[in-house]
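The residues making up each chain are set out below.
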Amino acid sequence: MRPDDVPMVPVEILGVRQQQRDQEIVVLLLDSAADLAIPIVIGAREASAIAMAQAGLATPAP
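Worth saying up front: this structure is predicted, and the values here are computed from it rather than measured. (Residues numbered from 1 in each chain as written. Predicted model: local features only at pLDDT ≥ 70, side-chain atom pairs only at ≥ 80, totals over all residues. Heavy atoms only, no water.)

Draft legend 1. Inspection of the overall build of the protein chain at higher detail. Check the secondary structure of the protein chain and you find one helix and three strands. For 62 residues, the compact-globule estimate of 2.2 N^0.38 gives 11 Å, and the protein chain exceeds it by more than 25% at 14 Å. Counting across all 62 residues of the protein chain, residues that qualify as buried make up 15%. Sequence separation of 24 or more characterises 8% of the internal contacts of the protein chain that already satisfy a separation of 6 or more. Carbon together with sulfur atoms contributes 58% to the accessible area of the protein chain, which is approximately 5200 Å² in total. In the protein chain, 4 side chains carry a positive charge and 8 a negative one; their mean positions are 7 Å apart. (Helix = DSSP H or I, 4+ residues; strand = E, 2+ residues; numbered from the N terminus. Rg over C-alpha atoms; globule rule 2.2 N^0.38 Å. Buried < 20%, exposed > 50% of the residue type's maximum accessible area, 1.4 Å probe, protein only. Contact = heavy atoms within 4.5 Å. Areas by Shrake-Rupley, 256 points an atom, 1.4 Å probe, with all protein chains shown as cover. Lys, Arg positive; Asp, Glu negative; His and termini not counted. Charge placed at Lys NZ, Arg CZ, Asp CG, Glu CD.)

Draft legend 2. Molecular detail of the sheet that holds strand S1 (residues 12-18). Taken in spatial order, the three strands make up an open sheet running S1-S2-S3, and their pairing is antiparallel. Every other strand in the sheet has two partners, leaving S1 and strand S3 (36-42) as the edge strands with one partner each. Recorded for the sheet is a direction-independent mean angle of 25 degrees between the axes of neighbouring strands. With seven bridges joining them, strand S2 (residues 25-31) and S3 adopt antiparallel strand pairing. Following the sheet pairing, Asp 31 is matched in S3 by Leu 36. Together, S1, S2 and S3 form the strand contacts of helix H1 (residues 44-54), whose direction differs from that of S1 by roughly 130 degrees. (Pairing = 2+ DSSP bridges. Axes fitted to C-alpha atoms, helices over the stretch in contact; angles between N-to-C directions.)

Draft legend 3. Spatial organisation of the nonpolar core. Ranked by size, the top nonpolar core spans six residues in total: Val 16, Ile 25, Val 27, Leu 29, Ile 42 and Ala 47. The element that contributes the greatest number of residues to this core is S2, accounting for three residues. The residues contacting Leu 29, other than those within four sequence positions of it, are Val 11, Glu 12, Ile 13, Leu 36, Ala 37, Ile 38 and Ile 40. (Core = buried A, V, L, I, M, F, W, Y, C linked by side-chain atoms within 4.5 Å.)

If you want it as structure tokens, here you go:
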């Protein structure tokens, strides 16, 4: 299967959290069509950019 053949699934960002036990940062995505929450480990910079966008703040361009 080619990447072009894989259907896109729209998701909603529920939030960004840091796990206390191992300090990993996780973004929680919601696939409302499947009633499924998907946790994904991300980096600190990505987490900061997502949190700023959710707060309505502009992020600086790299």
